[in-house]
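Observations on chain architecture
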Amino acid sequence: MFYREAGDFKTSYQEDSQTFPIKFDRYRYYAVLIAAFAVVPFLINDYWVNAVFLPFLIYSIAAIGLNILVGYCGQVSLGTGGFMAVGAYACYKLMTGFPEVSILIHVILAGGITAAVCVLFGLPSLRIKGFYLAVATLAAQFFLVWLFNRVSWFYNYSASGQITAPETQVLGHAVTGPETAPWAAYLFCLVFTVACALLARNLTRGMAGRKWMAIRDMDIAAEIIGVNPLKAKLSAFAISGFFVGISGALFFAVYLGAVEVGEAFGINKSFLVLFMVIIGGLGSIFGSFAGAAFLVLLPVLLKNVLVGGLGWPTDLAAHLEFIIVGGLIIVFLIAEPHGLAQLWRVAKEKLRLWPFPH
Amino acid sequence: MKDMDADGYTTADGRRIGSVVMEMKNITLRFGGVVAIKDISFDIREGEIRAIIGPNGAGKSSMLNVISGFYNPQEGEVWYKGQKRPPMKPYQVARQGIARTFQNIALFDGMSVLDNIMTGRIRQMNAGLLAQAIWKGKAEAEETENREAVEKIIDFLEIQHIRKTPVGRLPYGLKKRVELARALAAEPSILLLDEPMAGMNVEEKEDMSRFILDVNDEFGTTIALIEHDMGVVMDLSDRVVVMDYGKKIGDGTPDEVRSNQAVIDAYLGVAHD
């Protein structure tokens, strides 16, 4: 029952190319899924859902999306906040425009709209690379936030300039609006997170992922062996935008409920998601989860320890939290530049040989 | 070379070479004022091993880049399989069945050997994004089918043991072999090899030579190669083009080239005793 390949024979190529080729890994994954769907909803309360689970699940989707673009395809983007805003506003317009349609469809459509916008802002990537592309996507960030602030059609001419999610239901249970039960919001996001992770994993282990990675590792060679750089890059922008849009829609509709664009989807958000991807591990789906968990859970943990455990004043704890999290990020990147996913990989390789490493 | 005609010829070792697959007609390539290739014509025939040799800076790699669509020549025509080829992007040329390796290895370092070689199958895999995302139907079937084809090449080049290793960790000689495998995976009609033996020791050169001959023999692949090791070139190739300062100074069987005075002066030199 340990983590190893011995005795775990593969007799077909399908078995060999599956997501978790090692039996122990596979069972662990099923166990986590069962726990997440069948156990956690009965245990959690409002605090856990809003402080821990919802942000973790939603940021995981955003991190997966950005990881496809940055980690797999090598195109740096600083526009994540803006693209999340596109998802949020698209979802808002759909919810208020077509209230009779299910929110599930709204969220997916919001992802689709964001994908289209993302492709549009991805067009410069055909000409420019690296830092210069990062600056071009930064322009997207500022432009989109400005757009949603200034054009009142996007927030239905409301006086406050905010958008507020109306109540919607799935299978008779409210998932947005003030009446939402914590477990319903949690399950709603969980479904999207699991589905997005599965889709992303399938894309990255197949030909699409290979094309993206080929462009990332050596774009000239990729083109010479037959990868169409235009299609590969724009498809990465589209897929990335789809996931980021879904996360933006959930962030607005389920998590916050009411949103002011500059505050919720500013440049800070872009950096936060980028940090998640870098700390978690570029080019790894697991890394996206790890990075999101790290940056969502660590502040919560610190606050609980400092305020709850040691009884320090809240403001002092809040500032210390910045210092500690910032310091940890630096230490972490020096110790393991390839992120948490790499640590995990190394640990697994060691485990595979344990207890006889020679 | 016997009975050379439109249909082909028979090599010294008795292999039958077919008709022309690729013909370069009066190619001229300029970079600003520098003329890299000047009015060169030659052809590549089906099933043969064609070498391009010449001193450094003669324009050999530029020639290969013209064939693989990386450069578009200012003058001249490229005829491929009996049709004039319009100016194309490199990936379009690749999809027509021309694969190549590079002088400095151009593998995808972050990917495993298997993924690198699978990328070479791009021509054979065209399931849509949605099918791939769901990993059912065409996408899954395609993945398995092509994996089988790739495993044959892995067997052929004897790299089974490094299948799952990230390419970045491999030593130089193996990297060269993986690059050959990636090019072969495309099942190309013409395989271009840019200095396949550069920087190898004698043993690795022997291995590589054997692989090149085997590829030609078993898959019938047409091969065009650039190489500096004269022993290797003269042993492997059926016909040789010699270039110097962008011009063609010789073309023929290794024996013909070896006794060509212009080639001796420009490149081969004479033994001093």
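The rules behind each value
- Residues numbered from 1 in each chain as written.
- Chains lettered and ligands numbered in written order.
- Predicted model: local features only at pLDDT ≥ 70, side-chain atom pairs only at ≥ 80, totals over all residues.
- Helix = DSSP H or I, 4+ residues; strand = E, 2+ residues; numbered from the N terminus.
- Buried ≥ 20, exposed ≤ 12 C-beta atoms within 10 Å, placed from the backbone.
- Contact = placed C-beta atoms within 7 Å.
- Pairing = 2+ DSSP bridges.
- Domains from an automatic or database assignment.
- Axes fitted to C-alpha atoms, helices over the stretch in contact; angles between N-to-C directions.
- Parallel < 35°, antiparallel > 145°, perpendicular 65-115°, else oblique.
- Nonpolar A, V, L, I, M, F, W, Y, C, P; charged D, E, K, R; others polar.
- Expected span 1.5 Å × (residues − 1).
- Core = buried A, V, L, I, M, F, W, Y, C linked by C-beta atoms within 7 Å.
- Left-handed = near helix turned anticlockwise from the far one by under 90°.
- pLDDT = per-residue confidence, 0-100.

**Some words on the overall build of chain B**
Broken down by element type, chain B carries ten helices and 13 strands. In terms of overall dimensions, chain B has C-alpha extents of about 65 × 45 × 40 Å along its principal axes. Taking all 273 residues of chain B together, 42% fall into the buried category. In chain B, once contacts between residues fewer than 6 apart in sequence are set aside, the share between residues at least 24 apart is 66%.

**Some details on the overall build of chain A**
A count of helices and strands for chain A gives 15 helices and four strands. With the principal axes as the frame, chain A shows a C-alpha extent of 70 × 55 × 45 Å. Counting the 358 residues in chain A, one finds 45% classified as buried. Within chain A, contacts between residues separated by at least 24 positions form 75% of all contacts whose residues are at least 6 apart in sequence.

**With respect to the pairing of strand β12 (residues 239–244) of chain B**
Residues and elements named next belong to chain B. Among the six residues in β12, five count as buried, and that is most of the element. As paired strands, β12 and strand β13 (residues 247–252) are joined by five bridges and run antiparallel to one another. Within the sheet, the bridge partner assigned to V240 lies in β13 and is G252.

**Describing the domain arrangement of chain B**
All names here are of chain B. When its domains are assigned, chain B resolves into domain 1 (1–97 + 188–273) and domain 2 (107–187). Once you take the C-alpha centre of each, domain 1 and domain 2 turn out to be 27 Å apart. At the junction of the two partners, domain 1 supplies ten residues and domain 2 supplies ten residues. Looking at the side of domain 1 that touches domain 2 element by element, the count peaks at four residues for helix α7 (residues 202–219).

**Here we look at the packing of helix α3 (residues 46–72) of chain A against helix α12 (residues 267–280) of chain A**
Residue and element names in this part refer to chain A. The contact between α3 and α12 brings their axes to 9 Å, and the two run at 70°. If you check the angle between α3 and α12, you find them roughly perpendicular. Where α3 approaches α12, its residues Y59, A62, A63, L66, N67, V70 and G71 are matched on the opposing element by V273, L274, M276, V277 and G280. Across the contact of α3 with α12, the residue classes break down as nine nonpolar, three polar and no charged.

**Considering α12(A)**
Residue and element names in this part refer to chain A. End to end, α12 covers 20 Å across 14 residues, agreeing with the expected 20 Å (1.5 Å per residue, within 8%). Every buried residue of α12 is accounted for by K269, S270, V273, L274, M276, V277, I278, I279 and G280. Of the surrounding elements, those touching the buried residues of α12 are α3, α4 (80–97), α6 (130–150), α13 (285–309), α14 (314–335) and α15 (339–353). Backbone geometry just downstream of α12 places G281 in the positive-phi region, at approximately 130°.

**Describing the environment of G111(A)**
Residues and elements named next belong to chain A. Along the chain, G111 falls in helix α5 (residues 103–122). On the neighbour-count criterion, G111 (28 C-beta atoms within 10 Å) is buried. For the pair G111 and F242, spaced 131 residues apart in sequence, the C-alpha separation works out to 4.2 Å. With residues near it in sequence (within four places) discarded, G111 still touches G87, F242, F243, G245 and I246.

**Regarding the sheet that holds strand β11 (residues 222–226) of chain B**
Residues and elements named next belong to chain B. If you walk across this open sheet you meet the six strands as β9-β10-β11-β6-β12-β13, and the pairing is mixed. Edge positions in the sheet fall to β9 (98–101) and β13, since each of these pairs with one other strand and no more. Strand-to-strand twist across the sheet, computed as the mean angle between neighbouring axes with direction ignored, equals 15°. The sheet strands contacting helix α1 (residues 60–67) are β6 (49–53), β9, β10 (190–194), β11 and β12, and the helix crosses β10 at an angle near 150°. Packed on one face of the sheet, helix α6 (residues 172–185) meets β9 and β10 and runs near 175° to β9.

**Some points on the interface of chain A and chain B**
Facing the 24 residues of chain A at the interface are 34 residues of chain B. At the level of elements, α1 (13–16), α7 (182–205), α8 (207–217) and α9 (219–224) of chain A are the ones that each hand at least two residues to the side of chain A that touches chain B. If one sorts the elements of the side of chain A that touches chain B by residue count, α8(A) sits on top with seven residues. In terms of residue class, the side of chain A that touches chain B is made up of twelve nonpolar, eight polar and four charged.

**As for the nonpolar core**
All names here are of chain A. Core analysis: the largest hydrophobic core is formed by 178 residues, its most contacted members being A88, C91 and L250. Looking at which element gives the most residues to this core, the answer is helix α10 (residues 229–256), with 16 residues. Sequence-distant contacts of C91, defined by excluding residues within four places in its chain, comprise H106, V107, A110, A249, F252 and A253.

**Focus: the packing of α5(A) against α10(A)**
The packing of two helices is summarised by the inter-axis angle and the distance between the axes. Residue and element names in this part refer to chain A. Contact geometry for α5 and α10: axes closest at 6 Å, N-to-C directions at 135°. In terms of orientation, α5 lies oblique with respect to α10. You can see that α5 and α10 cross each other, and the crossing is right-handed. Here the contact of α5 with α10 is composed, by residue class, of 18 nonpolar, eight polar and one charged.

**Some points on the pairing of strand β7 (residues 75–80) of chain B**
For strand β4 (residues 20–31) of chain B and β7(B), the ladder comprises five bridges, and the chain directions are antiparallel. Counted as the bridge partner of T28(B) is E75(B) from β7(B).

**Some details on the sheet that holds strand β5 (residues 34–45) of chain B**
Residues and elements named next belong to chain B. Across the sheet, four strands lie side by side as β5-β4-β7-β8; this open sheet has antiparallel pairing. A single partner strand is all that each edge strand has here, and the edge strands are β5 and β8 (83–84). Here eight bridges tie β4 to β5, and the two strands are oriented antiparallel to one another. Looking at the pairing, L29 lines up with I37 of β5.

**Quick look at the environment of A186(B)**
Following the sequence through the fold, A186(B) ends up in the loop between α6 and β10. Considering only alpha carbons, one finds A186(B) and L129(B), 57 residues apart in sequence, at a separation of 21 Å. Ignoring any residue separated from it by four or fewer positions in sequence, one finds A186(B) in contact with I225(A), A99(B), G120(B), R121(B) and R123(B).

**A look at the confidence of the model for chain B**
Looking at chain B, pLDDT values average 88 and 97% of them are 70 or higher. Taken over the whole predicted complex, pTM reads 0.89, whereas the ipTM for its chain interfaces reads 0.87.

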